[in-house]
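Overview (structure and organization)
Listed here are the chains, written in short residue letters.
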Amino acid sequence: MRAEVTVIGLDGGVPGEEARTALGRARFAAGAARHLDAVAPHLPAGAERRTLGALGPVLDELAEWDGPAVVLASGDPGFFGVLRALRERGAEPAAVLPAVSSVAGAFARIGLPWDDAVVVSAHGRAESGRSAHRALAAALAHPKAAVLTAPGTAGPEAFLPALVAAGRLVYVAQRLGGPGEAVRAVGPQDAGRTDWAHPNVVLAVDPERAVAPAVAWMPGHQGAPDGWALPEEAFAHRDSMISKAEVRAVALARLAPRPGTEVWDIGAGSGSVAVECARFGARAVAFEAAARDCERIRANARAHRVYVEVREGRVPDSLPGRAAPDAVFLGGGGDAAAAACVRRFRPGRVVAALASVDRIRTVHDLLAAEGYRVGGTQVQASRLAPLPNGSLRFAAANPVTLLWGTAGPGGPGETGPAGIEERWR
Ligand SMILES: C[S@@+](CC[C@H](N)C(=O)[O-])C[C@H]1O[C@@H](n2cnc3c(N)ncnc32)[C@H](O)[C@@H]1O
């Protein structure tokens, strides 16, 4: 690229001196219509102007351009912005002049620090529906989130109902720094609105953790929790109806909960699996028939300071019509629940915990027939325990069979046909 490119970020303020100099020299200017309008007084009359839309053709043209050029972008061009596309094509800008990012601007408008926030982009190429799913999962799992929305399937309406239902303080920050700027708090009564002005950023804040007491040192999700496969005592539970820690360890490894994924805990009981998935940063949904258990799941989630969505009712009747879980843990609900979850939603990963020998063949064949690679193990743990005389013994726990199905390449599946790999992206 022979062009001498200056990348200029805009946030509604007056461009600085360096930006004005670059604009005044530019023979070529590319940017969104609103950005070209904003800098029009600074551009020479004869400068070529290209309106972005699609980035590719304009960057192709820029690659052939010889002479001073400017590329205009919103906020910080290096933060989910045009700078990546430029560098991917080998361009080395002469200068990058960032403005205030829309995320920084939006949090400033509501007066909250954001060094503890997770920032997610719902922009995606072919699969923006998938991008929105991923962004919502991450936003729900974290106490403070900013979502960079995209018009269409990833606009605010894709996020607001679930974020409001989760009890978050939710805001839509529209057209920051531009004419028509509006930052609106969203409650249950307007969570279904669809008439938001673009561009916009959605903010979602857990009211109890709007200001984290500890000084944040690393933005976003904090990585793996400080402990997992937690002991049963870490959860309130009924009559030992809880997946034992050793079983949960293998199940969690196969479920692979992490930010951007949605994990279902079917027949959740104490909700220990759902809570642990949420601790890893996944959006966790617990399906449980007994009302008392649902209360206990909520209490366990609160005690661990995570959000778990609880759906009361018998599976499969209580399953939603449309959903796209990434992983499903089958802890209860029997074969009917297993068949419904696998056939209807085709999650990338399925893990079943089976105490009954009779069900092993049935669940194995279900997964294999649906094209999953199937693996399994029997977990028979013996825990170290004291004897009254001070010596040690091993106390055997009941064996549990774990079966898992994996839909894509590189997963842990061990037998069965490889299939439906295109879903694992
Ligand atoms: C490709 S990202 C660019 C982010 C940009 N680099 C920044 O630092 O703000 C585009 C998204 O940023 C957000 N955005 C950009 N400009 C905005 C504005 N003026 N008001 C509200 N949101 C804005 C919207 O979520 C939009 O979909």
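For clarity, every value in this text was computed on a predicted model and none was experimentally measured. (Residues numbered from 1 in each chain as written. Predicted model: local features only at pLDDT ≥ 70, side-chain atom pairs only at ≥ 80, totals over all residues. Heavy atoms only, no water.)

We now examine the overall build of the chain. Scanning the chain from N- to C-terminus turns up 12 helices and 19 strands. Reported as C-alpha extents along the three principal axes, the dimensions of the chain are approximately 90 × 45 × 45 Å. Out of the 425 residues in the chain, the part that is buried amounts to 50%. Long-range pairs, those at least 24 residues apart, make up 64% of the contacts in the chain with a sequence separation of at least 6. For the chain, the exposed area adds up to about 19800 Å²; of that, 52% sits on carbon and sulfur atoms. Looking at the chain, you have 46 positive and 44 negative side-chain charges, and the mean spots of the two groups are 2 Å apart. (Helix = DSSP H or I, 4+ residues; strand = E, 2+ residues; numbered from the N terminus. Buried < 20%, exposed > 50% of the residue type's maximum accessible area, 1.4 Å probe, protein only. Contact = heavy atoms within 4.5 Å. Areas by Shrake-Rupley, 256 points an atom, 1.4 Å probe, with all protein chains shown as cover. Lys, Arg positive; Asp, Glu negative; His and termini not counted. Charge placed at Lys NZ, Arg CZ, Asp CG, Glu CD.)

With that out of the way, let us pick up the confidence of the model for the chain. Averaged over every residue, the pLDDT of the chain is 92; residues scoring 70 or more account for 94%. Every residue in residues 410–425 scores below 50 in pLDDT, and together they form 45 contacts with partners more than four places removed in sequence or on other chains. (pLDDT = per-residue confidence, 0-100.)

With the rule as written, the count across this model stands at 24 salt bridges. One connected set of salt bridges, linked through shared partners, spans Glu262, Arg283, Glu309 and Arg311. (Salt bridge = Lys/Arg side-chain N within 4 Å of Asp/Glu carboxyl O.)

Moving on to the sheet that holds strand S11 (residues 262–266). Pairing within the open sheet is mixed, and its seven strands lie in the order S13-S12-S11-S14-S15-S19-S16. Two strands lie at the open edges of the sheet, namely strand S13 (308–312) and strand S16 (373–379), each paired on one side alone. Shown here is a sheet whose adjacent strand axes are inclined to one another by a mean of 15°, direction ignored. Pairing of strand S14 (residues 327–330) with strand S15 (residues 349–354), which is carried by four bridges, proceeds in the parallel orientation. By the bridge assignment for S15, Leu330 is matched with Ala352. Its contacts with the sheet place helix H12 (residues 358–369) against S15, S16 and strand S19 (400–406), and it is angled at close to 5° to S19. (Pairing = 2+ DSSP bridges. Axes fitted to C-alpha atoms, helices over the stretch in contact; angles between N-to-C directions.)

Further remarks concern unusual backbone geometry. Note that the residue after His198, namely Pro199, is joined by a cis bond; omega there is 0°. One can find Pro199 in the loop between strand S9 (182–186) and strand S10 (200–205). The step from Val315 to Pro316 runs through a cis peptide bond, and the omega angle for that step is 15°. Position of Pro316 among the secondary structure elements: in the loop between S13 and S14. Phi is positive for Ala229, close to 55°, though the residue is something other than glycine. Note on placement: Ala229 falls in the loop between S10 and helix H8 (245–255). Its identity as a non-glycine residue notwithstanding, Ala256 has a phi of 55°, on the positive side. Inspection of the secondary structure assignment puts Ala256 in the loop between H8 and S11.

Now for the environment of Glu295. The topology assignment puts Glu295 in helix H10 (residues 291–303). Glu295 sits in the partly exposed class, given a relative accessible area of 45%. Sequence spacing of Glu295 and Val310 is 15 residues, and the spatial spacing of their C-alpha atoms is 8.8 Å.

So, about the pairing of strand S3 (residues 48–51). Pairing of strand S2 (residues 28–31) with S3, which is carried by four bridges, proceeds in the parallel orientation. Its bridge partner lying in S3, Ala30 is registered against Arg50. Chirality of the crossover, the property in question, places the unit of S2, helix H2 (residues 33–39) and S3 among those that are right-handed. (Right-handed = clockwise from strand over helix to strand, strands pointing away.)

What follows covers the site of the ligand. With respect to spatial proximity, 17 residues lie near the ligand, and among them Asp76, Ser102, Thr149, Leu176 and Asn200 are the closest. In the model, an oxygen atom of the ligand is placed 2.4 Å from a nitrogen or oxygen of the Thr149 main chain. At 2.5 Å from an oxygen atom of the ligand is found a main-chain nitrogen or oxygen belonging to Asn200. Taking 560 Å² as the accessible area of the ligand by itself, protein coverage stands at 87%. For the shell around the ligand, the two domains that each supply at least three residues are domain 1 (4–100) and domain 2 (104–209). (Near = heavy atom within 4 Å. Polar contact = N/O pair within 3.5 Å; in protein donor to acceptor, adjacent residues only side chain to side chain. Domains from an automatic or database assignment.)

So, on to the domain arrangement of the chain. The domain boundaries assigned to the chain delineate domain 1 (4–100), domain 2 (104–209) and domain 3 (232–423). Between domain 2 and domain 3, the C-alpha centre-to-centre distance is 30 Å. Both sides together, the interface formed by domain 2 and domain 3 hides about 990 Å², and carbon and sulfur atoms give 53% of it. At the surface where domain 2 touches domain 3, the tally comes to one salt bridge. A salt bridge links Asp326 to Arg130, with the nearest nitrogen and oxygen atoms 2.5 Å apart. For the pair domain 2 and domain 3, the number of links is four residue pairs in polar contact (both at pLDDT 80 or more). (Buried area = accessible area lost by both parts, 1.4 Å probe.)

Turning to the packing of aromatic side chains, a few remarks are in order. Considering all chains together, one arrives at six aromatic pairs under this definition. Ring geometry for Phe28 against Trp65: centres 5.0 Å apart, planes inclined by 50°, an arrangement best described as tilted. Remark: Trp65 occurs in the loop between helix H3 (55–64) and strand S4 (68–74) and Phe28 occurs in strand S2; sequence separation between them is 37 residues. Overall, Phe28 belongs to the buried group, its relative accessible area being 0%. Relative to Trp114, the ring of Phe107 has its centre 6.2 Å away and its plane inclined at 0°; by these criteria the two rings are stacked. Three or more aromatic residues link up through ring pairs in this structure, and these residues are Trp264, Phe287 and Phe345. For Arg168, the ring lying beneath its charged end belongs to Tyr307, and the centroid distance is 5.6 Å. Over the face of the ring belonging to Trp404 we find Arg254, whose NZ or CZ atom lies 4.2 Å from the ring centre. (Phe/Tyr/Trp six-rings, centres within 6.5 Å; stacked < 30°, edge-to-face > 60°. Lys NZ or Arg CZ within 6 Å of the ring centre and 35° of its normal.)

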